[in-house]
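If you want the building blocks of each chain, they are given just below.
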Amino acid sequence: MEKKATSNETQLLTSKKDVSGCNEEEDCRENELLIRNPKSALRLVEDGNKVHPSQGDKEEAAPISNGYSGVQSSGPCNGMGGVEDAQCTAPAATTTTTTTTSATCRAEGQQQLMELEDRETWSKKIDFLLSVIGYAVDLGNVWRFPYICYQNGGGAFLIPYTIMAIFGGIPLFYMELALGQYHRNGCISIWRKICPIFKGIGFAICIIDLYVASYYNTIMAWAFYYLVSSFTTELPWTSCTNAWNTGNCTNYFSKDNVSWTLYSISPAEEFYTRQVLQVHRSNGLDDLGGISWQLTLCLLLIFTIVYFSIWKGVKTSGKVVWVTATFPYIILFILLVRGATLPGAWRGVLYYLKPDWQKLLATEVWVDAAAQIFFSLGPGFGVLLAYASYNKFHNNCYQDALVTSTVNCMTSFVSGFVIFTVLGYMAEMRNEDVSEVAKDTGPSLLFITYAEAIANMPASTFFAIIFFLMLLTLGLDSTFAGLEGVITGVLDEFPHVWSKRRELFVLGLIIICFLGSLATLTFGGAYVVKLFEEYATGPAVLTVVFLEAVAVAWFYGITQFCNDVKEMLGFAPGWYWRVCWVAISPIFLLFVTCSFLSNPPELRLFDYNYPYWTTVLGYCIGTSSVICIPIYMVYRLIVTPGTLKERILKSITPETATEIPIGDIRMNAV
């Protein structure tokens with residue numbers, strides 16, 4: 001009597017039910033499926049050939065994938081070797097159909113194996129570590145952490161920062177590395193193997209990355225302009241005799257006695273605002289003015305460097321980061337030693353670390369700590385998924401997560417000493433309190449305050465060159481990573497279109513990013529950068545990672561995810577990691593997101609107060625990426641056949657296989 005198993009009887013790895021095998025006189029179509037049936041016949045693809053034990057062979061199959069056996073599924077193969085419908089067919093009745101299906105499945109299976117075997121991997125483990133460290137350690141470590149630290153209680157701020165890192169940032173960092181390494185896919189196609197209805201997260205990530213590329217590289221263009229301007233015997237921001245200076249320009253460090261008034265402006269500030277940015281030629285966001293051709297050339301050169309660093313994949317970018325990821329640490333050490341020897345440096349260090357314990361009672365301090373560690377480690381941008389997908393299957397991503405996150409946090413802490421020793425020196429020279437010197441925030445802290453301090457040091461040209469070169473290398477790493485997140489996501493989703501045309505796709509992506517940056521290259525471009533930094537990425541990426549954590553822990557299943565990790569590493573995550581992924585990390589993200597939305601920042605840059613409509617515009621820009629998630633959910637439910645309940649069940653069930661290497665053989669785990 002012929003038996004047929006419906007698709008509802010085909011079980012996933014998370015299922016504890018057995019799937020009955022075919023009768024001895026029946027034949028199953030050739031497509032791997034991991035099921036709990038230790039007595040079923042084992043048919044593997046090895047070296048492109050099929051091995052068919054006799055129907056009477058009852059030898060138990062080797063257990064794999066946490067107790068699941070590798071057997072042939074009875075359904076027709078899909079694009080990734082997954083199963084759509086399981087059925088066993090009597091060979092006497094369907095010889096032609098079976099033969100045709102077998103040939104088709106064999107061809108598709110061999111093609112899939114070839115594609116997966118051809119997937120690029122890191123040349124060395126250190127290439128991966130340097131790339132992740134270079135991505136996580138960026139310009140924000142140098143300017144954002146020191147400012148937030150002294151603003152929120154100095155040394156006392158390290159307590160909420162450490163707590164948020166342990167229970168929020170590091171678990172999310174580890175989760176993304178494990179997901180990318182196990183499923184070996186970018187931010188879009190990986191959701192077919194986790195929870196298909198959340199695939200819109202991948203598209204949202206790509207849009208966020210493009211927004212970041214449109215303004216982040218402009219900041220590097222400013223640094224490049226400073227670098228080129230530094231190749232002089234006298235730095236141009238040390239005097240008030242230049243064409244761009246005004247009558248209010250006052251040089252603190254001149255040998256003449258000068259009086260500082262309410263309207264006085266330092267030469268470093270005028271160089272930054274009137275020569276580099278030229279914001280005086282813009283009236284705000286409603287009148288940006290023309291495009292600065294100098295910054296345009298700087299940005300064009302930066303994107304050229306980026307293109308030739310990533311166009312061939314991680315094989316080339318993994319070599320470039322040997323310079324771009326290590327050079328900043330050499331410069332930080334040199335600047336730290338130099339800063340520590342300056343007069344008044346101790347005043348800056350004291351201001352940086354002096355604890356204000358009362359600050360710990362303020363909610364804003366904990367929100368700032370959570371936001372800082374989150375944006376510093378950088379989950380949610382698709383980068384960790386992409387980079388980890390090029391690892392070997394059994395790479396110890398747990399150790400990688402701990403090492404890279406620790407290095408990142410320590411870099412932020414040490415950068416504070418580099419900045420505040422110089423601010424203490426500035427306060428000593430101006431005869432002011434450190435709090436008056438440290439009023440600048442964000443890029444202004446680097447391009448005005450720190451630049452002015454460097455200009456008045458001995459060997460100022462040398463220190464200016466290495467400092468702005470350090471800023472460039474810090475930014476390049478993050479740009480490589482952000483664009484690689486998009487590239488890997490799109491190439492994995494559309495391999496039939498772009499897999500053999502990576503160089504062309506990367507070129508098109510670079511051109512799009514350059515054109516998208518034109519608004520930030522105008523005379524009012526700094527206002528656009530500030531708007532994008534605060535609204536386009538912040539709440540959007542928080543929402544994305546919150547949904548990602550929920551999808552993995554609650555839909556894919558924390559047990560299944562931990563089994564995946566055990567498959568790779570040989571040990572399962574402990575209860576601490578499970579509790580963080582299931583509850584603490586999502587609550588951590590929800591807490592930060594709600595705090596931001598309930599109290600949006602009031603934007604102000606230089607003397608320009610952002611009008612109310614810019615806040616609405618900022619939220620619209622941020623929503624334009626997140627909206628992909630509900631749109632795809634609706635689309636998925638519409639195109640999926642069946643009743644509403646069936647559509648929902650199919651949409652939250654992994655639809656394609658994840659390969660598990662067993663020696664030289666690769667098995668599919670659905």
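The shown structure was predicted, so the numbers you read here are calculated from the model rather than taken from an experiment. (Residues numbered from 1 in each chain as written. Predicted model: local features only at pLDDT ≥ 70, side-chain atom pairs only at ≥ 80, totals over all residues. Heavy atoms only, no water.)

**Q** Help me out: how do you make sense of the overall build of the chain in this one?
**A** When helices and strands are counted, the chain shows 24 helices and eleven strands. In the chain, once contacts between residues fewer than 6 apart in sequence are set aside, the share between residues at least 24 apart is 79%. Of the roughly 27500 Å² of accessible surface on the chain, a fraction of 62% belongs to carbon and sulfur atoms. (Helix = DSSP H or I, 4+ residues; strand = E, 2+ residues; numbered from the N terminus. Contact = heavy atoms within 4.5 Å. Areas by Shrake-Rupley, 256 points an atom, 1.4 Å probe, with all protein chains shown as cover.)

**Q** Looking at this model, I keep getting lost on the UniProt feature "binding site: Na(+)" (unreviewed entry) in the chain. Mind explaining?
**A** Within this numbering scheme, the UniProt entry marks G134, A136, V137, N141, S376, N408, L474, D477 and S478 as carrying the feature "binding site: Na(+)" (unreviewed entry). In summary, the annotated positions, though distributed over 345 residues, converge in three dimensions, the widest C-alpha pair being only 13.5 Å. What N408 contacts, discounting residues up to four positions off in sequence, is A136, V137, N141, S376 and L377. Tracing the chain through its elements places D477 in helix α16 (residues 460-493). Taking relative accessible area as the criterion, D477 reaches 2% and is therefore assigned buried. Contacts of D477, omitting those with residues within four sequence positions, involve G134, Y135, V321, T324 and A325. (UniProt positions renumbered as here; feature names shortened; annotations may be inferred. Buried < 20%, exposed > 50% of the residue type's maximum accessible area, 1.4 Å probe, protein only.)

**Q** Mind showing me how you'd approach the pattern of salt bridges here?
**A** Opposite charge on two side chains permits them to pair, given that their charged atoms come into close proximity. Enumeration according to the criterion identifies twelve salt bridges in this entry. Of the charged contacts in the structure, one is a salt bridge between E493 and K199, with a shortest N-O distance of 2.6 Å. You can see E493 sitting in helix α16 and its partner K199 sitting in the loop between α4 (158-183) and α5 (200-229), a full 294 residues away along the chain. Assessed through its relative accessible area of 12%, E493 is described here as buried. One network of salt bridges, in which partners are shared, links R192, K199 and E493. (Salt bridge = Lys/Arg side-chain N within 4 Å of Asp/Glu carboxyl O.)

**Q** How should helix α15 (residues 443-455) be read in this particular structure?
**A** An α-helical turn contains 3.6 residues, so any two residues separated by three or four positions project in the same direction. For α15, which comprises 13 residues, the first-to-last C-alpha distance of 17 Å matches the rise-based estimate of 18 Å (1.5 Å per residue) to within 8%. Most of α15 sits out of view: 13 of its 13 residues are buried. (Expected span 1.5 Å × (residues − 1).)

**Q** How should unusual backbone geometry be read in this particular structure?
**A** Negative phi is the rule for most residues except glycine; trans is the rule for most peptide bonds. The phi dihedral of Q278 is positive, around 55°, even though this residue is not glycine. Of note, Q278 is situated in the loop between α6 (267-276) and α7 (293-310). The exposure class assigned to Q278 is buried, which follows from its relative accessible area of 9%. Unusually for a residue other than glycine, F606 sits at a positive phi of about 55°. Looking at the element boundaries, F606 is found in the loop between β8 (604-605) and β9 (608-609). Given a relative accessible area of 23%, F606 falls into the partly exposed group.

**Q** Teacher, can you tell me more about the environment of D433 here?
**A** Along the polypeptide, D433 turns up in the loop between α13 (397-430) and α14 (434-437). Judged by its relative accessible area of 43%, D433 is partly exposed. Considered as a pair, D433 and R347 are 86 residues apart in the sequence and their alpha carbons are 8.8 Å apart. Those residues in contact with D433 that lie beyond four places of it in its chain are R347 and A427.

**Q** Honestly, the side chain of S239 in this entry has me stumped. Any pointers?
**A** By the secondary structure assignment, S239 is in the loop between α5 and α6. Its relative accessible area of 15% is what places S239 among the buried residues. A distance of 3.4 Å separates polar atoms of two side chains, one belonging to S239 and the other to T241. Residues within four places of S239 in sequence aside, it is in contact with E234, N245, C249, N251 and P267. (Polar contact = N/O pair within 3.5 Å; in protein donor to acceptor, adjacent residues only side chain to side chain.)

**Q** Please clarify how the state of the cysteines should be interpreted in this entry.
**A** What we call a disulfide is simply a covalent bond connecting the sulfur atoms of a pair of cysteines. Throughout the structure, instances matching the rule amount to one disulfide. The side chain of C240 participates in a disulfide bridge whose partner is C249; the two sulfur atoms lie 2.0 Å from each other. Taking the torsion about the S-S bond as the criterion, the C240 to C249 disulfide, at about -75°, is left-handed. Assessed through its relative accessible area of 11%, C249 is described here as buried. (Disulfide = S-S within 2.5 Å.)

**Q** Got a minute to help me understand the packing of aromatic side chains in this structure?
**A** Aromatic ring pairs are reported here in terms of the distance separating the ring centres and the angle at which the planes meet. The tally for this structure, following the rule as stated, stands at 53 aromatic pairs. Relative to W581, the ring of Y174 lies with its centre 5.4 Å away and its plane at 50°, an arrangement referred to as tilted. Taken together, the residues Y174 in helix α4 and W581 in helix α21 (residues 575-598) connect sequence positions 407 residues apart. For Y174, a relative accessible area of 1% gives the class buried. Looking at W581, the relative accessible area reads 1%, which means it is buried. Ring geometry for Y226 versus W237: centroids 5.1 Å apart, planes at 55°, classification tilted. (Phe/Tyr/Trp six-rings, centres within 6.5 Å; stacked < 30°, edge-to-face > 60°.)

**Q** Explanation requested: a nonpolar patch on the surface in the structure shown.
**A** Judged by side-chain polarity, I159, I163, I166, F167 and W357 come together as a nonpolar surface patch covering roughly 440 Å² of accessible area. In this fold, I163 is placed in helix α4. Taking relative accessible area as the criterion, I163 reaches 34% and is therefore assigned partly exposed. (Patch = residues over 30% accessible without salt bridge, like charges linked within 9 Å, V, L, I, M, F, W, Y side chains within 5 Å.)

**Q** What should I look at first to understand α6 in this one?
**A** Counting buried residues in α6 gives seven out of ten residues, a clear majority hidden from the surface. Against α5, α7 and α15 lie the buried residues of α6. Positioned one or two residues after α6, Q278 has a phi angle of 55°, which is positive.

**Q** Honestly, the packing of helix α22 (residues 612-626) against helix α23 (residues 628-639) in this entry has me stumped. Any pointers?
**A** Each pair of packed helices can be summarised by the angle the axes make with each other and by the distance between the axes. α23 packs onto α22 with a crossing angle of 35° between their chain directions and a minimal axis gap of 5 Å. Packed against α22, whose contacting residues are S624, S625 and V626, the element α23 presents C628, I629 and P630 at the interface. Residue classes in the contact of α22 with α23 are distributed as four nonpolar, two polar and no charged. (Axes fitted to C-alpha atoms, helices over the stretch in contact; angles between N-to-C directions. Nonpolar A, V, L, I, M, F, W, Y, C, P; charged D, E, K, R; others polar.)

**Q** I tried to follow the side chain of S460 on my own but got confused; where do I start?
**A** Topologically, S460 is positioned in helix α16. Residue class for S460 comes out buried when judged on its relative accessible area of 13%.

**Q** What should I look at first to understand the environment of W237 in this one?
**A** Relative to the assigned elements, W237 resides in the loop between α5 and α6. A sequence separation of 14 residues divides W237 from N251, and the C-alpha atoms of the two residues are 9.7 Å apart. When near neighbours in sequence (up to four residues on either side) are disregarded, W237 contacts Y226, S229, S230, P267, A268, F271, A451, E452, A455, A464 and F468. In this structure the side chain of W237 is engaged in a polar contact, spanning 2.8 Å, whose partner is the backbone oxygen of A451.

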